[in-house]
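Topology and contacts: notes
What follows is each chain in one-letter form.
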There are 2 protein chains.
Amino acid sequence: MPLPERFREYAEMVDQYLDRHLPGDNAPPEPIYRAMRYSLFAGGKRLRPVLCLAGAESLYGQAETMLPVGAAVEMIHTYSLIHDDLPAMDNDDFRRGKPTSHKAFGEAIAVLAGDALLTAGLETLSRADYDPAVRCRLIRLLTAAAGTEGMIGGQVLDMVNENKTLTRDQLDQLHAKKTGAILRFCTLSAPVVLGRGPEIEQIFLQYGSLLGLAFQITDDILDVVSTTEKLGKTAGKDEKEKKATYPSILGLEESRRTAGRLIDQACALISPHDPRSYLRDLALYVVERDH
Amino acid sequence: MPLPERFREYAEMVDQYLDRHLPGDNAPPEPIYRAMRYSLFAGGKRLRPVLCLAGAESLYGQAETMLPVGAAVEMIHTYSLIHDDLPAMDNDDFRRGKPTSHKAFGEAIAVLAGDALLTAGLETLSRADYDPAVRCRLIRLLTAAAGTEGMIGGQVLDMVNENKTLTRDQLDQLHAKKTGAILRFCTLSAPVVLGRGPEIEQIFLQYGSLLGLAFQITDDILDVVSTTEKLGKTAGKDEKEKKATYPSILGLEESRRTAGRLIDQACALISPHDPRSYLRDLALYVVERDH
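The sections below set out a description of the structure shown in this document. Note that the structure is predicted; figures quoted are calculated from it, not measured. (Residues numbered from 1 in each chain as written. Chains lettered and ligands numbered in written order. Predicted model: local features only at pLDDT ≥ 70, side-chain atom pairs only at ≥ 80, totals over all residues. Heavy atoms only, no water.)

So, the pattern of salt bridges
Where charged atoms from two side chains of opposite charge approach closely, those side chains can pair. To be explicit about the condition: Note on definitions: salt bridges are taken to be side-chain nitrogens of Lys or Arg within 4 Å of carboxyl oxygens of Asp or Glu. Numbering of helices and strands starts at the N terminus; helices are DSSP runs of H or I of at least 4 residues and strands are runs of E of at least 2. Only protein chains enter the calculation, and the probe is 1.4 Å; a residue is then buried if its accessible area is under 20% of its type maximum, exposed if over 50%, and partly exposed in between.
Applying the stated criterion across every chain yields a total of 39 salt bridges over all chains. The closest approach of N and O atoms between B:R46 and B:D15, which form a salt bridge, is 2.5 Å. With B:R46 in the loop between α2 (32-40) and α3 (47-58) and B:D15 in helix α1 (residues 5-21), this residue pair connects regions lying 31 residues apart in the sequence. Overall, the relative accessible area of 4% leaves B:R46 in the buried class. Residue class for B:D15 comes out partly exposed when judged on its relative accessible area of 23%. Linked by salt bridges that have partners in common, A:D15, A:R46, A:E74 and A:R96 make up one network.

A closer look at the interface of chain A and chain B
Short version of the rule: The criterion used for residue contact is that any of the two residues' heavy atoms lie within 4.5 Å. Buried area counts how much accessible surface, traced with a 1.4 Å probe, disappears from two parts once they are put together, with both parts' losses summed.
The interface of chain A with chain B comprises 43 residues on the first partner and 43 residues on the second. A buried area of about 3600 Å², summed over both sides, lies between chain A and chain B, and 76% of it is on carbon and sulfur atoms. Broken down residue by residue, the surface that chain A buries against chain B is led by A:L112, A:T119 and A:C136, which jointly contribute 14%. The tally of links from chain A across to chain B stands at zero salt bridges.

A look at the packing of aromatic side chains
Any two aromatic rings considered together are summarised by their centre-to-centre distance and by the angle between their planes. All names here are of chain A. The following threshold applies: Any pair of Phe, Tyr and Trp rings, taking the six-membered ring for Trp, is counted once the centres come within 6.5 Å. Such a pair is stacked with planes under 30 degrees apart, edge-to-face with planes over 60 apart, and tilted for the rest.
On inspection of all chains with the given rule, the structure shows eight aromatic pairs over all chains. Geometrically, the ring pair formed by F7 and Y278 is edge-to-face, given 5.8 Å between the ring centres and 80° between the ring planes. Of this pair, F7 sits in helix α1 (residues 5-21) while Y278 sits in helix α15 (residues 278-288), placing them 271 residues apart in sequence. With respect to burial, F7 and Y278 carry one shared label: buried. On the basis of an interplanar angle of 80° and a centroid distance of 5.2 Å, the ring pair of Y38 and F105 is categorised as edge-to-face. Within this pair, whereas Y38 is found in helix α2 (residues 32-40), its partner F105 is found in helix α5 (residues 101-105), the two being separated by 67 residues in sequence. A residue is classified by how much of its surface remains accessible, and Y38, at 18% relative accessible area, is buried.

Brief notes about α2(A)
Of all nine residues in α2(A), eight are buried, a share of seventy percent or more. All of the buried residues along α2(A) are A:I32, A:Y33, A:A35, A:M36, A:R37, A:Y38, A:S39 and A:L40.

As for the state of the cysteines
Going by this rule: The disulfide criterion used throughout: a pair of cysteine sulfur atoms within 2.5 Å.
With the rule as written, the count across this model stands at zero disulfides over all chains. Here A:C52 stays unpaired: no disulfide links it, and the sulfur of A:C186, its closest cysteine neighbor, is 4.0 Å away. Its sulfur unpaired, A:C136 is 3.7 Å from the next cysteine sulfur, which belongs to B:C136. In this structure A:C136 comes out as buried when scored by relative accessible area, which is 2%.

A closer look at the side chain of A:D274
Residues and elements named next belong to chain A. Counted only if it meets this: The charge count treats Lys and Arg as positive and Asp and Glu as negative. His and the chain ends do not count.
Note that D274 resides in the loop between α14 (252-270) and α15. The buried charged residue D274 lacks any salt bridge, with R280 as its nearest oppositely charged partner at 6.8 Å. Not counting residues within four places of it along the chain, the set of residues in contact with D274 comprises S58, L279 and R280.

Comments concerning the relation of the copies chain A and chain B
Rules: Alignment of the copies relies on least squares applied to C-alpha atoms, considering only residues that score at least 70 for pLDDT in both.
Each copy superposes on the other: chain A lies on chain B with an RMSD of 0.0 Å after a rotation of 180° and an axial shift of 0.0 Å. This pairing of chains is accounted for by a two-fold axis. Residues of chain A ranked by C-alpha distance from the rotation axis are headed by A:P132, positioned 2.7 Å from it.

Some details on the packing of helix α8 (residues 151-160) of chain B against helix α9 (residues 168-194) of chain B
Residue and element names in this part refer to chain B. Our working definition: Orientation is described by lines fitted to C-alpha atoms, with helices fitted over the stretch in contact, and by angles between N-to-C directions that extend from 0 to 180 degrees. Should the near helix be turned counterclockwise from the far one by less than a right angle, the crossing is left-handed, whereas a clockwise turn marks it as right-handed. Classes in brief: Ala, Val, Leu, Ile, Met, Phe, Trp, Tyr, Cys and Pro nonpolar; Asp, Glu, Lys and Arg charged; the others, Gly included, polar.
Remark: α8 packs on α9, axes separated minimally by 7 Å, with the N-to-C direction vectors making an angle of 145°. For α8 against α9, the interelement crossing comes out left-handed. Of the residues in α9, those in contact with M151, G153, G154, Q155, L157 and D158 of α8 are L174, K177, K178, A181 and I182. Here the contact of α8 with α9 is composed, by residue class, of five nonpolar, three polar and three charged.

By themselves, these are just geometric observations and shouldn't be taken as functional.
What follows is the structure, given as structure tokens:
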């Protein structure tokens, strides 16, 4: 299942925004911008910014309004991939079908390109054309989602749990941080920017929570059933590294059913606030994608 | 010359603030907070936060007011040291007399501890008890100072210029980014937080600019004349790595005179706004310190 047409338009808008706001490949000091752009424009699905933009349109706002948030979150997602791929971390040679940053630019530039994307992502929010209180709140939410209580914390848990057997609960908690925190930030961001109040925020956050878990279960399933070619990253890595995954705990069929149930819940929850079914379509895409 | 008494009080206030705001060594997920604290409390001079606090008192504000800024800037300074020390970068085994982060915790945790300190530093500003417009401006200034047009850009220049002969101008430009940008942020931060207006801001910025360059020249001199024991990091590294430094371009004596002249200019510029001579004392400390 490819990304539905409307969402490819969103992804294109985000790409253009990022391209306009980042100095060119050859801007000094070389090669830092080339390295940032190399990973940023490596053909990612842009799922995170698409969630931000779709959220706004489902709340009768403009998708364009969310571009600074979408750009910031994609820069931070990209930084995390560059650092995760480093030899000292996952030691991956390929990402999105291309050599990873440290393979293309060397480790030192890969570390700095990651650092620079994290910094630039937050700078983008600090400069966005929102009320300062909204900008501050977004930065607070995004740093919390990306930090030691969110993404980085999940990454640490993932490392210290290597070769350990985890319960379903422990795996849920790990992924609620590692991939879930940023996805929840994305779905929460539209009601925050549009000022829709705490009740709507709560519903969008809960939708993000369900979608995030279904996303991770699907990622684990794809690692088993898909190919390196389709994924653009090494398939079968989880089993080789004896990682605790949903298929290893629940089996493939039960993993699929669990992801399906989560997505059904997410759709039911969001449907009163999803007049054009964009968020329903995105939820379905998350579990039906093939890469 | 040790840090003057008043400034050791500032440093102590910053340490207490950092200690209060960071989870403990054993907080989950281990060992991330232990690694962050290990580098953060490794006995740094706290020069950057001290500049923020002293700036406020010289403008008849409270030193306490600047604690979130001082804490943020020290976290970001510490992140940059952790990443700079990595094997792929400067490959240093000692920092402030202790094993570097990657020696103590392994490379993966060192990368993540750096990422986490950068993220936490900016989160601290987003949560500070200032008007949201002030918080946003501080985050914009600090991300610009820490990013590709500031510290990271200087780091990249430093790498690509290895084994090259630089002119005095090129060396000035490199260090204006690598160490200067963050130091300028520090001296600028007090008039920003206290709302003293663009003219005072400009003077404090210029003071930071002169002080920053004198700081770097002194660092280069200390690398030649001091010992590994006193510095807490490997002495004599610059010459061994054939780095362009002020002593290598100007000679030791002319380097000392240049630093002295810069500090005289800084003191003259700031004296109308420095009723207690704190900023003068700090400027003198910067060139007279022995580590």
